[in-house]
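Remarks on the overall topology
Residues per chain, in single letters:
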Amino acid sequence: MREGSSMDVQEKDRAEALKKYRRIKLALKIVGVVVAAAGLGLAVMGFADMFLSTADGGSPSLFWGLIAGLPLLGIGGMLCLAGFRREIVRYTKDETVPVLNEAGQELTPAVSAIAGAVKSAGEDLCPHCGEPNEKDAKFCRHCGSAFFVTCPHCGETVKDGKFCDKCGETLH
Ligand SMILES: [Zn+2]
Ligand SMILES: [Zn+2]
């Protein structure tokens, strides 16, 4: 069997590391959940015993459960947090990255439209020959066609083009 390229080796190393990392994370999750559950059980037991024996007038015999249970619950919770943090981070990252990409994709046409508007500011393109003209020119200096026409629908004198910019009807 042929040796893989360095890229493949790197990929394999990364996959191995990821696998190991996932195993550690899985162990963290399992141990975390078990420790937290045990801590919770001990704490509840100790707590219940404290109440019950206080009601009975005796001294709590399982109070150690509360003392041992609470730190265990805390440790278990921290282990869980460490085990699940990657997922939490990945989740939030996956959630925000596409949103940012979408925003970028939506912004790109707007940005180029603005750039185009800035570029052609101060000059108007002739609707007939496409050549640039002074902004307030009445006739094209290249083909001589009128930039303003009387709209056949509303009678306004409007800039020549496909549609009337006063009433929206077609000009020609
Ligand atoms: Zn023209
Ligand atoms: Zn019109």
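Shown above is the structure to which this text applies.
Each residue is numbered by its place in its chain's sequence as written, counting from 1. Chains carry letters from A onward and ligands carry numbers from 1 onward, assigned in written order. Only residues with pLDDT of at least 70 are given local features in this predicted model, and only at 80 or more are side-chain atom pairs given and counted; all residues enter the totals for whole chains, interfaces and linings.

**Regarding the overall build of the chain**
Helical segments are the DSSP runs of H or I of at least four residues, strand segments are the runs of E of at least two, and each set is numbered from the N terminus. For the chain, the count of helices and strands is two helices and four strands. For the chain, the succession of helices and strands along the chain, N to C, is α-α-β-β-β-β. Taken over 172 residues, the chain has a buried fraction of 8%. A residue is called partly exposed when the number of other C-beta atoms within 10 Å of its own lies between 12 and 20, exposed at 12 or fewer, and buried at 20 or more, with C-beta atoms placed from the backbone.

**A short note on the environment of Thr170**
In this fold, Thr170 is placed in the segment after β4 (157–159). Between the alpha carbons of Thr170 and Cys151 there is a distance of 8.4 Å; along the sequence they are 19 residues apart. Whether two residues are in contact depends on their C-beta atoms, placed from the backbone: they are in contact if these lie within 7 Å. Not counting residues up to four positions away in its chain, the partners in contact with Thr170 are Lys162 and Phe163.

**Comments concerning the nonpolar core**
Note on definitions: a nonpolar core is a set of buried residues drawn from Ala, Val, Leu, Ile, Met, Phe, Trp, Tyr and Cys, linked by C-beta atoms within 7 Å. Membership of the largest hydrophobic core is limited to five residues, which are Val35, Leu42, Leu72, Leu73 and Leu79. Residue contacts for Leu42: discarding those within four places in its chain leaves Gly65, Ala68, Gly69 and Leu72.

**Here we look at the environment of Glu169**
Inspection of the secondary structure assignment puts Glu169 in the segment after β4. Judged by C-beta crowding, with 11 C-beta atoms within 10 Å, Glu169 ranks as exposed. For the pair formed by Glu169 and Pro152, sequence separation is 17 residues and the distance between their alpha carbons is 8.7 Å. Excluding anything up to four places from it in sequence, Glu169 contacts Cys151, His153, Phe163 and Cys164.

**Quick look at the environment of Ser145**
Structurally, Ser145 can be placed in the loop between β2 (132–134) and β3 (148–150). Looking at Ser145, the number of C-beta atoms within 10 Å reads 13, which means it is partly exposed. Sequence-wise, Ser145 and Cys126 are 19 residues apart; in three dimensions their C-alpha atoms are separated by 8.2 Å.

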